[in-house]
Amino acid sequence: MPPLIHLEGLTKVFYTDEIETHALDGVHLAIAEGEYVSIAGPSGCGKSTLLSILGLLHAPTSGEYTLNGTPVARLSTLERARIRNKEVGFIFQSFNLIGDLTVEENVALPLTYRKTPTAERKDRVQRALERVGMLHRIKHYPGQLSGGQQQRVAVARAIVGDPSIVLADEPTGNLDSRNGESVMTLLRDLNRAGATICMVTHDPRYAKNADRTIHLFDGRVVEEERMPAEEHELRESGFEVG
Amino acid sequence: MSAIRSLSRVPLLSAAAALTFAVTAAILAIVGALVWHILVRPLPFPESDRLLFVWNRYGAREVQSSALSAPDFNDYRGIRAFESAAAIQTASASLMLGEPRRVSVARVTPEFLRVLGIVPIIGNDFAPGETDAVLLSEGTWRNLFGARTDIAGATVLVDNRPLRVAGVLPARLAVPSRDTELWVPLHFTAADFADANRGDENLTMIARLRRGVPVEQAQAQIDVVSRSVFHRVPDRVAFLNESRWHVAAFGMRDDLVRRARPALLILLAAALLVTLLAAANILGLFLARTVARQKELAVRTALGATRWSIARALASEVLVLAAGGAGVGIAAAWLLLPRLALSGLPRAEEVRVDGGVIAIAAAIVLALAAGIGYAIAFWAWRQEQSLAERSGTGSVPVARMRAVLVAAQVAIAVTLLTSGAMLLETYRRLRAVETGFDPENVLTFAVELPRAQYEIPRRQAFFRELQQRLEAIPGVVSASATSDLPFSPSDWNGTFRIDGYDGRADTPSAHVRTVLPEYFTTMRIPLLRGRAFTMRDRMDAPRVAMVDQAAAQKYWPNQSPIGKRIQWGQTWREIIGVVGPVRTSSLAGDAEPHLYMPLLQRNEWMLYAVVRTEGDPLRLAGDVRTVVRQVDPSRPVYAVRTMNDYLGDAIAQPRLRAAVVAASAAVAILLAVTGLYALLAYIVATRTREVGLRMALGATPLEMVAFISRWAVRVTAAGIVLGLAGAVVMTRSMRALLYGIDPLDPFTYAVVIALFAAVAAAAGALPAFRAARIDPAVALRQE
């Protein structure tokens, strides 16, 4: 079975004022469907660039990127937007909820751009909020929620469109440890339910939640760390692994 | 100082706000000067609120104010409510100063200066009973007599009559007009007051009310006297009743400015709307700035700044800009006002940017600035209070408030644009009105012959010779003369009798013109029936007259007036021809009846020559002066103008109104568009992360253009709806100023809506496309 995400010799160069910055330098990576991958590395190693390319926010300078069987490295802005809306869900460090939209409207945004019929949209939003335990706050505004609750709403927004992959960029960065743990548990549960997750984090405690951790350094994959089989089995059985 | 330092960090915003304040101050100063000096300020006479004009009025004839006859003046001057009264008769004369010079003269009864409360700045009033004396205007004394201090007692030659200079009157005395150069005594005899002279209405009556007597009381006494007139002139009763004649007293200032009042009030309304618009614009700019400073304000609060001290700091920034802008704007108004063409306005010579005007304009601008400053401070405080209740995208309430402000700006601009468009269309339609004659390439000038030296045969010989010599000038197509030019200040409206007229309609009346042969050819007024006057229509020939189509249709419906007889004065005349209708006093409304008589059968001493030329008529101005000098070197030529100049005067007020409102609309549109642009740019700038997020969630660049454009559409639509409602109110209130266009003209409204939609689209395009180019990955990293 082909991987959900396949990167082949991916590079990304930024040009600013006669300076070339090689953010990614020949990245090879495959992520299987249902996998939970974390990307780790020091600041400036290219984690965010890799995530933005995986999320089709940026196009690579060279190399190949296949998402769900479709080559997406050289698509137009419009085509990238369309595939992004269908295949990718985002979770951000700072939640990025829109202040003047209700929880329901925030979660519905990806479906709005997909032009999903209203009835179906409402149904899917309710189910997504139910999954993250925030249905009771559906009519609230983000400003009326705690940080942990806001991030749960952001998770609901990421999964409401049933994307192929959820990309999480430091999802616990703005949360205290209790709320951080709670969000990590939520992601784990989503993964157990079948979601493919790729998470950027520099917190080793949370990186261990993933099936596999990819270490980046200077734009290259320098190490891959897989969770031992017995730990994986224990976790699949519902035990927390420290 | 801290305010200036703070503003220097945002030079663009500071410059935009200061410029807006400057434009507002300039508009307020100019409009304030016009309204204050023309409409509000008392006339420059002691207790001027006691001064009145007394006019004959003919309600059925749309004649606002008609002069009085000598017997009329005699009836009303003794009214108890009047402390004093005087009569004025305007004329022109030849003042001999080396060479003849035509001057504007007012013949005034002895009470004239006492009524106005004026004393000469040099010399004295006329001596009792004096006839051969003259008072000079200050301008004439300075310009023609070199401001000689020994002028009193000197002798000047007026119409070849030596007159003693009694004194010099101050420049502020613009009665009967600011052009008056000489005042000479007017004495009546008992014969002048005979009832037979009641039709000879050529006097302006002024009066001073007794102290404490209201004008209504004077009017009641006038009404009593008016009723008694009916018994004394039984032969005029029918005419007076039909024409709804009455005599009315008006406050002198109100009467002087009556015609200009609507234009000035529209101007004032437009200026106030532009001021409101500017205030909304500046408020929007400073709201955005305050959002950007929220962190700084929070730090200041944390360090112990009170709410009041922060409010004062915010207000002082706006006040600094307002003070600078007001200074520049008022200085610009001071420089600009003397260069504006105000000649069509009454009291124009009094209009200036003086201390009072400066104080009013500065006070309004500074009060506005203080209001804006404290409104922003109050908003910042409210924002701080409610911040906790909202999420991090705190720009939304500001954007909404700015949107409301921009909608208000669009509304004001739409109101002004609609009104301006209708006034412009009125002006355009008035210009397109068929006058009935061809005004292109026609030179006109006036010549007056002194009655004493020119007996009737000599006068007629003079005008005949003048016509022949004018026609001989190379470049002249034809030449003639008339007693009154179309659209000239003088108009002769008289009543006449029609032989066999059944009297069911009202008393026949018409604009009366005495003309030389070739007048109709020269003016290109078509001859429709019969024949035109010729040189054979002299005193020794049967008396004849011509009428125009308007008179023919009104008084001889369904029949030809040719061969019919009319009685003008004591003389019966046969109608020999019908010419096309012409407009002579107003471009609006229907053409009014005209009655023409041949000069060679009339007793005229003053005529306007009309000269049709091959090219630019003013090129021949020197030649016509030479010709007049050849006929009589002592006769000055005056009022040398083209026929188009007179037409221009006829549409001067509509042009002024249209120009003023259109200019205000242009400023309003500019402010509204910049307001809309600034709002959208602000939204894009403050919602970059949201735009990035939406794009990350799958929104296409086009959807982001639509997202930003929605703001523009909503704001513009709300503004247009409000503005159209305002326009309906404003255009209906100025219905009397419109011609040929309905206040609810759907085409104008449609054009305004389309124009604003286009302007809004243009203003919104740049920020919207900027939003579409936002890099979502970069935007999402922004804090």
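Bear in mind the structure is a predicted one, so any value in this text is a computation, not a measurement.

1. What to know about the overall build of chain B
Consideration 1: Tallying secondary structure elements over chain B gives 23 helices and 23 strands in all.
Consideration 2: The proportion of buried residues among the 783 residues of chain B is 45%.
Consideration 3: Taking the contacts inside chain B whose residues are at least 6 apart along the sequence as the reference set, 85% of them involve residues at least 24 apart.

2. Some points on the packing of helix α14 (residues 456-472) of chain B against helix α17 (residues 621-631) of chain B
Residues and elements named next belong to chain B.
Consideration 1: It is the contact of α14 with α17, at a shortest axis distance of 10 Å, that shows an interaxial angle of 140°. Classed by the angle they form, the pair α14 and α17 counts as oblique. α14 and α17 meet at a crossing whose hand is right-handed. Where α14 approaches α17, its residues F462, E465, L466, R469 and L470 are matched on the opposing element by V624, V627, V628, Q630 and V631.

3. Examining the packing of helix α21 (residues 701-733) of chain B against helix α22 (residues 746-772) of chain B
Residues and elements named next belong to chain B.
Consideration 1: Here α21 crosses α22 at 150°, and the two axes come no closer than 8 Å. Here α22 runs roughly antiparallel to α21, going by the angle between their axes. The interaxial crossing formed by α21 with α22 has right-handed handedness. In contact with P701, M704, V705, I708, S709, A712, T716, I720 and L724 of α21, α22 contributes Y749, I753, F756, A757, A760, A763, G764, P767, A768, F769, A771 and A772.
Consideration 2: Residue composition of the contact of α21 with α22, by class: 18 nonpolar, three polar and no charged.

4. Examining the sheet that holds strand β8 (residues 196-200) of chain A
All names here are of chain A.
Consideration 1: Ordered in space as β6-β7-β8-β3-β9-β10, the six strands form an open sheet in which the pairing is mixed. Of all the strands in the sheet, just β6 (88-91) and β10 (220-226) have a single pairing partner and so form its edges. When the angles between neighbouring strand axes are averaged without regard to direction, this sheet yields 20°.
Consideration 2: As paired strands, strand β7 (residues 165-169) and β8 are joined by five bridges and run parallel to one another. Residue pairing in the sheet places D169 in a bridge with V200 of β8.
Consideration 3: In the packing of helix α5 (residues 147-159) onto the sheet, contacts are made with β6 and β7, and the angle to β6 comes to roughly 170°.

5. Section: helix α18 (residues 643-650) of chain B
All names here are of chain B.
Consideration 1: Among the residues of α18, those classed as buried are M643, Y646, L647 and A650. When α18 is viewed along its axis, its buried side chains cluster within an angular range of 100° and face the same direction.
Consideration 2: Check the buried side of α18 and you find it contacts β12 (442-448) and β23 (637-642).

6. Observations regarding unusual backbone geometry
Consideration 1: Residues other than glycine seldom take positive phi values, yet K115 of chain A does so here, at roughly 60°.
Consideration 2: By secondary structure assignment, the location of K115 of chain A is in the loop between α3 (103-114) and α4 (118-131).
Consideration 3: For K115 of chain A, a count of 8 C-beta atoms within 10 Å puts it in the exposed group.
Consideration 4: For D159 of chain B, which is not glycine, the phi dihedral falls at a positive 50°.
Consideration 5: Considering the arrangement of structural elements, one finds D159 of chain B in the loop between β7 (155-158) and β8 (161-169).
Consideration 6: Under the C-beta neighbour-count criterion, D159 of chain B is labelled buried, with 21 such atoms within 10 Å.

7. Digging into the confidence of the model for chain B
All names here are of chain B.
Consideration 1: When pLDDT is averaged along chain B, the result is 84; 94% of the residues meet or exceed 70.
Consideration 2: Strand β18 (residues 544-548) holds the highest mean pLDDT among the elements of chain B, 95, whereas strand β2 (residues 63-66) holds the lowest, 60.
Consideration 3: The low-confidence segment residues 388-395, where pLDDT is below 50, has 19 contacts with residues more than four positions distant or belonging to other chains.
Consideration 4: For this predicted complex, the interface confidence comes out at an ipTM of 0.84, alongside a pTM of 0.69.

8. A short note on the nonpolar core
Consideration 1: Grouped together as the largest cluster of nonpolar side chains are 195 residues, with contacts concentrated most on A29, A413 and A668 of chain B.
Consideration 2: Excluding anything up to four places from it in sequence, A29 of chain B contacts G329, I330, A333, V353, V357, I358 and A361 of chain B.

9. Remarks on the interface of chain A and chain B
Consideration 1: With 23 residues of chain A at the contact, the number on the chain B side is 21 residues.
Consideration 2: When residues of the side of chain A that touches chain B are traced back to their parent elements, those giving at least two are α2 (77-87) and α3 of chain A.
Consideration 3: Among the elements that make up the side of chain A that touches chain B, the one with the highest residue count is α2 of chain A (five residues).
Consideration 4: Residues that form the side of chain A that touches chain B fall into these classes: twelve nonpolar, eight polar and three charged.

Procedures and definitions
Residues numbered from 1 in each chain as written. Chains lettered and ligands numbered in written order. Predicted model: local features only at pLDDT ≥ 70, side-chain atom pairs only at ≥ 80, totals over all residues. Helix = DSSP H or I, 4+ residues; strand = E, 2+ residues; numbered from the N terminus. Buried ≥ 20, exposed ≤ 12 C-beta atoms within 10 Å, placed from the backbone. Contact = placed C-beta atoms within 7 Å. Axes fitted to C-alpha atoms, helices over the stretch in contact; angles between N-to-C directions. Parallel < 35°, antiparallel > 145°, perpendicular 65-115°, else oblique. Left-handed = near helix turned anticlockwise from the far one by under 90°. Nonpolar A, V, L, I, M, F, W, Y, C, P; charged D, E, K, R; others polar. Pairing = 2+ DSSP bridges. Arc of directions from axis to C-beta. pLDDT = per-residue confidence, 0-100. Core = buried A, V, L, I, M, F, W, Y, C linked by C-beta atoms within 7 Å.

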